[in-house]
Amino acid sequence: MLRTLLGVLSIFLLFSCKQSPEPPEVVWVPYDESQDLMATQELENSRMHMKLINAVVRDKNEIWAAFNDELKGFASRYEALKPLILEVSIPELQDHIMEGKLTYEELTRFYLFRIREMEADNTTALNGVIALNPDVLDQARILDKQKTTDRYSLRGMPILLKDNIGYQGLPTTAGAVALQENFTEDAFITKKLKAAEALILGKANLSEWAYFLCSGCPVGYSAVGGQTINPYGRLRFESGGSSSGSGVSTAANYAVATIGSETSGSILSPSSQNNIVGLKPTIGLLSRSGIVPISSTLDTPGPMTKNVIDNALLLQAMLGQDAQDAASFASPVNYVAAAREGTLSEKRIGYFDEFMETALYAEAISDLEAQGAILVPISPERVPLNGFLNVLNLDMKQDLPEYLKTYGSSDLPIRDIESAVVYNAQDSVVRIPYGQQLFRGITKDTVTAEQLMEIKERLQQDSRAYFDGALDGETLDAVVSINNYHAAYAAMAKYPALTVPMGFTEEGEPMGLTFIAKNKMEHTLYGLAAPYEKATRHRRLPENYR
């Protein structure tokens, strides 16, 4: 009798399990943004006064729609994988792969699941991702068929590209409605990442047109991707721009790492604002081919990561001289070795007297000294960078049409800045809610080619003299600044800059310590930043993203 009852019960339980509905599909639902928007109007920083949060030109659910079936039943595995993946460096991830604790498919699925879970919830959404690669899981499965033997490898590592960097199969929009259907070939650096067997997870949001569209508007907004949000202070702290989506996505562990781009501060700013490591390389160390431009004089892509060793690994993978980029050059340096072997002992580092009232900076100077560095106070006289805007205006006026002609889709509604201004004005509410003052400024700039050349030469000389007086006069290895405070000088000097987490203000806002050295001295920056990072450990996950 008992055996009969147990049998009936087993059949009932089995039937019940088969009939129980699957968990409901994760769906993003628009919400009334008015209260959040009103709260931003009370903030002291006028650039945080927002008009909208989520993009109106498309449904956010489209981003992950291709993966909904693949992500079913993954919730429990996602939780189990967190200790193996969150905040873990690339070498450590490769160790997990080689030890059989993890597969590339699981690693990729983890990030896809995490992006959907966080972005579908309006209390955690960061609008950091603009598109996902629909083939990425298949690509991961192919890599799992072969054994990995190198822990210092990008093989199988899911990477997000800023959405001004070309990737064949996904549009390269620069966040603009006009480029929604801009399907291009791979950028040069994308090809290099793929050759290293990295997985392109998708595209990161950005300040539209790399923050060279509107004036005084919120950083991190694009018509296609919406407003990127800083995870350390949602709608309170700036996300930084223009590589804002790359910054917030790295901070929240939406990918192993991201690639950003900078003209002046666009990697340094979002990296420091989001408690991550960001490198603005020497102009030409990384190719710009296939990247939507502002200025061929100043533009550069660069890696944005959770730690210094990952940053060096990404830089190493993207190296290569590109015949299509006039500034491109080859580098024989092993940047990974520079990061691994770095030391602060007896290194001479200049610090700015004017910043010593900033508590975190003063603490960082003490930390560097405690690790054996020789700290030298410097007070270089700031020189005005008159003509800087003319460089951006005239370069973009020339470089954008060339990009569209060479890389852009043939049926785009714009061909240059003038036609972009007209196109945007046809629906200003959707296409340019914050205006297009900078675009209009480009069309009105009357500086001649000869004048522009003189401006560029003067600005480079002045910017290099600003740093070199201390670097040469005091025989310094580098100088250290805060966030992107010296980004314009580093840009015009074409000097590399590497920002590393420096801690948090009393209000909880991240700040970065930024190392700057002469051109082609990235190995020096890594050698200084890695031991500083190891000694201080200021990097941490945002509170609600653990």
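Small disclaimer: the values here were computed from a predicted structure and weren't measured. (Residues numbered from 1 in each chain as written. Predicted model: local features only at pLDDT ≥ 70, side-chain atom pairs only at ≥ 80, totals over all residues. Heavy atoms only, no water.)

Asks: Where do I start with the overall build of the chain in this structure?
Replies: Within the chain, the secondary structure is distributed over 20 helices and 13 strands. Its C-alpha atoms give the chain a radius of gyration of 24 Å, near enough to 24 Å, the size a compact globule of 546 residues would have. Projected onto its principal axes, the C-alpha positions of the chain cover 95 × 60 × 50 Å. Partitioning the contacts of the chain with sequence separation of at least 6, the portion at a separation of at least 24 is 77%. If you sum the accessible surface of the chain, you get close to 21900 Å²; carbon and sulfur atoms cover 51% of it. Charge-centre separation for the chain: the mean point of 49 positive side chains lies 5 Å from the mean point of 68 negative side chains. (Helix = DSSP H or I, 4+ residues; strand = E, 2+ residues; numbered from the N terminus. Rg over C-alpha atoms; globule rule 2.2 N^0.38 Å. Contact = heavy atoms within 4.5 Å. Areas by Shrake-Rupley, 256 points an atom, 1.4 Å probe, with all protein chains shown as cover. Lys, Arg positive; Asp, Glu negative; His and termini not counted. Charge placed at Lys NZ, Arg CZ, Asp CG, Glu CD.)

Asks: Looking at this structure, I do not really get the pattern of salt bridges. What am I missing?
Replies: Side chains carrying opposite charge are able to pair once their charged atoms draw close together. Overall, the coordinates contain 23 salt bridges when judged by the stated rule. The shortest N-O distance in the salt bridge between Arg141 and Glu70 comes to 3.0 Å. One end of the pair, Arg141, is in helix 6 (residues 136-144); the other, Glu70, is in the loop between helix 2 (34-41) and helix 3 (75-85), with 71 residues separating them in the sequence. In this structure, Asp325 engages Arg288 in a salt bridge whose closest nitrogen and oxygen atoms are separated by 2.6 Å. With Asp325 in the loop between helix 11 (308-318) and helix 12 (335-340) and Arg288 in the loop between strand 7 (277-280) and strand 8 (300-305), this residue pair connects regions lying 37 residues apart in the sequence. The exposure classification of Asp325 matches that of Arg288, with both residues buried. Ionic contacts of the salt-bridge type, sharing partners, join the residues Glu70, Glu105, Arg109, Asp138 and Arg141 into one network. (Salt bridge = Lys/Arg side-chain N within 4 Å of Asp/Glu carboxyl O. Buried < 20%, exposed > 50% of the residue type's maximum accessible area, 1.4 Å probe, protein only.)

Asks: Teacher, can you tell me more about the pairing of strand 7 here?
Replies: Two faces belong to every sheet, and in a regular strand the side chains alternate between them. Of the two faces of strand 7, the one carrying Val277 and Leu279 and the one carrying Gly278 and Lys280 are both buried. Bridge count for strand 7 against strand 8 is two bridges, and the pairing is antiparallel. Bridge assignment links Val277 to a residue of strand 8, and that residue is Thr305. Note that strand 7 and strand 12 (residues 497-504) share three bridges and pair antiparallel. (Pairing = 2+ DSSP bridges.)

Asks: Please explain the packing of aromatic side chains as it appears in this structure.
Replies: Working definition: an aromatic ring pair is given by the centre-to-centre distance plus the angle between the planes. Under the definition given, this model contains 16 aromatic pairs. Relative to Phe113, the ring of Phe74 has its centre 5.7 Å away and its plane inclined at 65°; by these criteria the two rings are edge-to-face. Here Phe113 lies in helix 5 (residues 104-119) and Phe74 lies in the loop between helix 2 and helix 3, a separation of 39 residues in the sequence. Its relative accessible area of 7% is what places Phe74 among the buried residues. The class for Phe113 is buried, based on a relative accessible area of 5%. Here Phe467 and Tyr495 contribute two aromatic rings whose centre-to-centre distance is 6.0 Å and whose plane-to-plane angle is 35°, an arrangement assigned as tilted. (Phe/Tyr/Trp six-rings, centres within 6.5 Å; stacked < 30°, edge-to-face > 60°.)

Asks: Looking at this model, I keep getting lost on the environment of Arg288. Mind explaining?
Replies: With a relative accessible area of 13%, Arg288 lands in the buried category. Once you skip the residues sitting within four places of it in the chain, Arg288 turns out to touch Ile283, Ser295, Ser296, Asp299, Thr300, Pro301, Asp325 and Ala327. A polar contact is formed between the side chain of Arg288 and the side chain of Asp325, at a distance of 2.6 Å. (Polar contact = N/O pair within 3.5 Å; in protein donor to acceptor, adjacent residues only side chain to side chain.)

Asks: Would you mind going over the side chain of Thr499 with me for this structure?
Replies: Its place among the elements puts Thr499 in strand 12. For Thr499, the side chain forms a polar contact with the side chain of Thr514, separated by 3.0 Å. Apart from residues lying up to four places away in sequence, Thr499 is in contact with Leu268, Ser271, Ser272, Ile276, Val277, Gly278, Gly512, Leu513 and Thr514.

Asks: Explain helix 5 here, please?
Replies: Each α-helix turn comprises 3.6 residues. Residues three or four places apart therefore point the same way. With 16 residues, helix 5 extends 23 Å between its outermost C-alpha atoms, agreeing within 8% with the 22 Å of an ideal straight helix rising 1.5 Å per residue. The buried fraction of helix 5 amounts to 15 of the 16 residues, a majority that puts the element mostly inside the structure. (Expected span 1.5 Å × (residues − 1).)

Asks: Looking at this structure, I do not really get the sheet that holds strand 11 (residues 478-482). What am I missing?
Replies: Across a sheet, paired strands are connected by hydrogen bonds in the backbone, their directions being either parallel or antiparallel. Reading across the sheet, the eleven strands line up as 1-3-2-6-8-7-12-13-11-9-10 and stay open at both edges, with mixed pairing between neighbours. Edge strands, defined here as strands with exactly one partner in the open sheet, are strand 1 (129-132) and strand 10 (374-378). Averaged over all adjacent pairs, the angle separating strand axes in this sheet is 30°, with direction ignored. Direction of pairing for strand 2 (residues 158-162) relative to strand 6 (residues 257-262): parallel, over a ladder of three bridges. Bridging from a neighbouring strand, Leu161 pairs with Ile259 of strand 6. (Axes fitted to C-alpha atoms, helices over the stretch in contact; angles between N-to-C directions.)

Asks: Explanation requested: the state of the cysteines in the structure shown.
Replies: Each disulfide is one covalent bond, formed between the sulfur atoms of two cysteines. Taken as a whole and judged by the stated rule, the model has one disulfide. The residue that forms a disulfide with Cys214 is Cys217, at a sulfur-sulfur distance of 1.9 Å. Across the disulfide from Cys214 to Cys217, rotation about the S-S bond amounts to roughly 75°, and the bridge is consequently right-handed. Using a relative accessible area of 3% as the deciding quantity, one classes Cys217 as buried. (Disulfide = S-S within 2.5 Å.)

Asks: Would you take a moment to explain the confidence of the model for the chain for this structure?
Replies: Note that predicted coordinates carrying low pLDDT should not be read in detail. Confidence in the prediction of the chain, expressed as mean pLDDT, is 95, and 96% of residues score 70 or more. Confidence drops under a pLDDT of 50 for residues 1-22, and excluding neighbours within four residues, the segment shows one contact in the predicted structure. (pLDDT = per-residue confidence, 0-100.)

Asks: Hey, could you run me through the nonpolar core in this one?
Replies: Trp209, Tyr361, Leu368, Phe467, Phe515 and Tyr526 are the most contacted members of the largest nonpolar core, which totals 172 residues. Ignoring anything within four residues of it in the chain, the contact list for Phe515 reads Leu368, Val479, Val480, Pro496, Ala497, Leu498, Val500, Leu525, Leu528, Ala529 and Tyr532. (Core = buried A, V, L, I, M, F, W, Y, C linked by side-chain atoms within 4.5 Å.)

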